[in-house]
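# Structural characterization, general
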Amino acid sequence: MLLSLHEVRGFRCLTEVRFEPAPGLNLVRGRNAQGKTSLLESILFVATSKSHRTAQERELLLHEAESFHLRTVLERRGTPVTLEANWWRGTKRFKVNGVPQQRMSDILGQLNVVLFSPEDVDIVKGGASARRRFMDMELAQVDKGYLNALQLYRQVLRQRNELLKRPKPDRDLLRAWEPQFVESGRAIMESRGRFLEELAAIATETHASIGGGEALQVRYEPDVKQADQLQETLDKYLESDLRRQQTTRGPHRDDIGLFIAERPARDYGSQGQQKTAALAMRLAVVELVRQRTGEYPVLMLDEVLAELDADRCQRLFLAIPEAVQCIATTTQLEGAPAGYAGDFASFLIEGGRLERR
Amino acid sequence: MFIESPRVTRLIDAFRRLPGVGRRSAERMALHLLSAPEDIAYELSDALREARASIRWCSVCSHLTETDPCPICADERRDHGLICVVEQPFAVIAIEKGGSYKGVYHVLHGVLSPLDGIGPSELKLDRLFRRLEDGAVREVVLATNTTPEGEATALFLSRQIAERGVAVSRIAHGVPMGGGLEYADEATLAQAIQGRTKL
Ligand SMILES: [Zn+2]
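Keep in mind that this is a model prediction, so the values were computed, not measured.

### Digging into the domain arrangement of chain A
All names here are of chain A. What the domain assignment reports for chain A is domain 1 (1-112 + 298-357) and domain 2 (118-294). The centre of domain 1, based on its C-alpha atoms, is set 27 Å off from the matching centre of domain 2. Contact between domain 1 and domain 2 buries roughly 1800 Å² in total, counting both sides, with carbon and sulfur atoms accounting for 58%. There are four residue pairs in polar contact (both at pLDDT 80 or more) connecting domain 1 and domain 2. Among the elements of the structure, helix H1 (36-48), helix H2 (104-107), strand E12 (298-301) and helix H10 (310-319) are those that each provide at least two residues to the side of domain 1 that touches domain 2. For the side of domain 1 that touches domain 2, the element with the highest residue contribution is H10, accounting for four residues. Residue composition of the side of domain 1 that touches domain 2, grouped by class: 11 nonpolar, five polar and nine charged.

Written out as structure tokens, the structure is:
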């Protein structure tokens, strides 16, 4: 997958930007708060309809503006595809090759991107919700059925939880939501199980090659052990659900177990080591997307290079296959990244304006 | 806003409450009606007022009607032992266009949705259950949409109806997933009703 053009109008501090990345490595340079992260965020938005930094989409607007526009041209298996995202007074519209899209599942997977950002240390350090967010976002890009199941599950869960908040919820009414809960929950668990099984093998290897030291182990930790036990679990926990006024058990409580040297990764090592483990997880997705779709996704690295010494930086670039288009931000205004000897294209962002360097 | 007037704002707000109308279309329609010849605007308001005043819910099936019971409920040639339950009057119109369904209807005017505060009493389900009391109804076909709420409503109804000793079926999933019935074409709908599965 190759991103050949990305145009931005009125997204955060980016008034008007035309970004034409090259194949291979692209360095987006700039001092802090000049718009580097916003550029990556806007690419993520056109690809996934979401920001990684905020759920309040109004924050994505330029000061006092009412709309933003994104237009992206990419090449998928040699065929050009144009994506557009327009946000206007709270409604967002997406087009693929000029055709308006109604369903999220038709937008996702057009442009596969993997973003590693400083907040990703939460995959290792944070709560289970950060790891579920990681799974959901990466899986939705490569598994269309997953997003549909997830949307159904979330809606049914919200409806069921709302019923549980009533003074005396009617059992028959509660039961009316259960088959959809069970069916979508099972689909989610099966997708997550397969995804993490594939990811685990790649992540361990990647972690070793970027200098993570002791072995990283990844495994799915579903809240309900077996997908075919969901109905049984609902029945068993009904009293507890009624008492707590919410659905106690289910895939909405799933987690990913991350271990380094057989100890929980969150208790192991320094912030730097945890970050390396998180980076290994994202890089593993790059390879997994290739295995599933036949093409590498676009890799975006936000604020990674500055923190790495020459040795680690060199290992990182060795771990990224040459065919991967990579967009990396850096505060380093001149020269190649430490320890990197290959070709790269270079851009400078200053005050929300971008130019080729 | 293009004209600072509370009256114009009221008109735009009224359009915005219609299904599928966003702010931009609401403004465009309001502007059109205000700048076109008076007759066009008054024809719309007269037609709306008269139609609304003459249309009520059928006391049997809750479909929209000018006469009570509605022409479908009053039609002796239809099969009154077969009731098709739909969410909205629009679905009745779509199924009727197909022309092959010979039973009668029951319009819920909504679906179960705890998040919207809609439960069995808001849907006046007792009106449906009362129709099943005298033993004249053989079968109920559930033709709610394939949304999460439509499915949950169908499931809830299927148990309640079965308890009353009446056969229940669900329309076949020829209807697009997640789609409303009004978007299915008439042929698809006719097939969906014909290919219904016993629950
Ligand atoms: Zn009637």
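### Structural notes on the coordination of the zinc ion
All names here are of chain B. Here the zinc ion is held by Cys58 (SG), Cys61 (SG), Cys70 (SG) and Cys73 (SG), and the distances to it run 2.2 to 2.4 Å. Here the zinc ion binds four donor atoms, and the angle range of 105 to 114 degrees at the metal identifies the geometry as tetrahedral. Along the chain, the residues donating to the zinc ion fall in the pattern C-x2-C-x8-C-x2-C. Note that Cys61 is positioned in the loop between strand E1 (56-57) and strand E2 (64-65) and Cys73 in helix H4 (residues 71-74), a separation of 12 residues in sequence. On the basis of relative accessibility, which here comes to 12%, the residue Cys73 falls in the buried class.

### Things to note about the environment of A:Ala284
Residue and element names in this part refer to chain A. Its place among the elements puts Ala284 in helix H9 (residues 271-293). C-alpha separation for the pair Ala284 and Gln159, spaced 125 residues apart in sequence, amounts to 36 Å. Beyond its immediate sequence surroundings of up to four residues, Ala284 is in contact with Leu199, Ile202, Ala203 and Thr206.

### Concerning the pairing of strand E5 (residues 139-142) of chain B
Residues and elements named next belong to chain B. Burial along E5 is two-sided: Glu139 and Val141 and Val140 and Leu142, pointing in opposite directions, are all buried. Here strand E3 (residues 79-86) runs beside E5; their pairing, made up of four bridges, is parallel. Considered in E5, the bridge of Leu82 is made with Glu139. Sheet topology note: the E5/strand E6 (residues 167-170) ladder contains four bridges and is parallel. Its bridge partner lying in E6, Val141 is registered against Ser169. Of the crossover connections in this fold, the one passing from E5 over helix H7 (residues 148-163) to the parallel E6 is right-handed.

### Some remarks on the packing of helix H5 (residues 144-164) of chain A against helix H6 (residues 171-209) of chain A
All names here are of chain A. Two numbers describe how H5 lies on H6: the axes approach to 8 Å, and their chain directions differ by 145 degrees. Both H5 and H6 take part in a crossing whose hand is left-handed. Packed against H5, whose contacting residues are Tyr146, Ala149, Leu150, Leu152, Tyr153, Val156, Leu157, Gln159, Arg160, Leu163 and Leu164, the element H6 presents Leu173, Leu174, Trp177, Glu178, Gln180, Phe181, Ser184, Gly185, Ala187, Ile188, Ser191 and Arg192 at the interface.

### Observations concerning the pairing of strand E3 (residues 25-29) of chain A
Every regular strand shows the same layout, with side chains that alternate between the two sheet faces. Residues and elements named next belong to chain A. Counting buried positions along E3 yields five of five residues, so the element is predominantly enclosed. Burial along E3 is two-sided: Leu25, Leu27 and Arg29 facing one way and Asn26 and Val28 facing the other are all buried. Here E3 pairs with strand E14 (residues 344-350) via five bridges, running parallel. Looking at E14, one finds that Leu27 is bridged to Ser346.

### Some thoughts on the sheet that holds strand E9 (residues 216-221) of chain A
All names here are of chain A. The strand order E9-E10-E11 describes an open sheet built from three strands, whose pairing is antiparallel. Sheet topology places E9 and strand E11 (263-264) at the edges, where each strand pairs with a single neighbour. Pairing of E9 with strand E10 (residues 255-260), which is carried by six bridges, proceeds in the antiparallel orientation. Residue pairing in the sheet places Glu221 in a bridge with Asp255 of E10.

### Some words on the pattern of salt bridges
Residues and elements named next belong to chain A. Within the structure shown, the criterion is met by 33 salt bridges over all chains. Residue Glu239 is joined to Arg171 by a salt bridge in which the shortest nitrogen-to-oxygen separation is 3.5 Å. Placement of Glu239 in helix H8 (residues 238-244) and of Arg171 in helix H6 is noted, with a sequence separation of 68 residues between them. Judged by its relative accessible area of 47%, Glu239 falls in the partly exposed class. Salt bridges sharing common partners tie together Glu7, Arg18, Glu20 and Arg71.

### Re the confidence of the model for chain A
Summarising the model, chain A shows a mean pLDDT of 93, and 100% of its residues fall at 70 or more. Taken element by element, the predicted model of chain A shows its lowest mean pLDDT in H2(A) (81) and its highest in E12(A) (98).

### Let's talk about the domain arrangement of chain B
A common way to state how big an interface is: give the accessible area lost once the parts meet. One can read the domain layout of chain B as domain 1 (2-54) and domain 2 (77-177). The C-alpha-based centres of domain 1 of chain B and domain 2 of chain B are spaced at 34 Å.

### Observations concerning the sheet that holds strand E5 (residues 79-88) of chain A
Residues and elements named next belong to chain A. An order of E2-E1-E4-E5-E6-E7 is seen for the six strands of this open sheet, with the pairing classed as antiparallel. Lying at the two open borders of the sheet, with one neighbouring strand each, are strand E2 (14-19) and strand E7 (99-101). On average, each strand axis in the sheet is tilted by 20 degrees relative to the strand beside it, whichever way the strands run. As defined by bridge partners, strand E1 (residues 2-11) adjoins E2 across five bridges and the pair is classed as antiparallel. Pairing of Glu7 across the sheet is with Arg18, part of E2.

Parameters and conventions
Throughout, a residue's number is its position along its own chain's written sequence, starting from 1. All chains are assigned letters beginning at A, and all ligands numbers beginning at 1, according to the order in which they are written. Thresholds applied to this predicted model are a pLDDT of at least 70 for local features of residues and 80 or more for the giving and counting of side-chain atom pairs; totals over whole chains, interfaces and linings are not thresholded and use all residues. Just so you know, side-chain values use all the structure's heavy atoms and leave hydrogens and water out. Domain boundaries shown here were taken from an automatic or database domain assignment. Summed over both partners, the accessible area (1.4 Å probe) lost when two parts come together is defined as the buried area. Residues adjacent in sequence count toward polar contacts only when both atoms are side-chain atoms; beyond that, a polar contact is any pair of N or O atoms within 3.5 Å, and within protein one must be able to donate a hydrogen and the other to accept it. Per the convention used, a helix needs a DSSP run of H or I reaching at least four residues, while a strand needs a run of E reaching at least two, with both numbered from the N terminus. We call Asp, Glu, Lys and Arg charged. Ala, Val, Leu, Ile, Met, Phe, Trp, Tyr, Cys and Pro are nonpolar, and the rest, Gly among them, are polar. Only nitrogen, oxygen and sulfur atoms count as donors, using a 2.8 Å cut-off from the metal that widens to 3.2 Å for Na, K and Ca. Water is left out, so coordination shells may look unfilled. Tetrahedral means four donors with every angle between 85 and 135 degrees, whereas square planar (four donors) and octahedral (six donors) require angles over 155 degrees between opposite donors and between 65 and 115 for all others; sites fitting neither are termed irregular. Think of it in three bands: residues with accessible area under 20% of the maximum for their type are buried, residues over 50% are exposed, and the middle band is partly exposed, with areas taken using a 1.4 Å probe on protein chains only. Between two residues, a contact is recorded if the distance between any of their heavy atoms is within 4.5 Å. When DSSP locates at least two bridges between a pair of strands, those strands are taken to pair. Seen with the strands pointing away from the viewer, any crossover whose path from the first strand over the helix to the second strand runs clockwise is right-handed. Axis lines are fitted through C-alpha atoms, for helices just across the contact stretch, and the angle between N-to-C directions can take any value from 0 to 180 degrees. Rotating anticlockwise by less than a right angle from the far helix to the near helix defines a left-handed crossing, while the corresponding clockwise rotation defines a right-handed one. A side-chain nitrogen of Lys or Arg and a carboxyl oxygen of Asp or Glu constitute a salt bridge if their distance falls within 4 Å. A score from 0 to 100, pLDDT tells how confident the predictor is in each residue.

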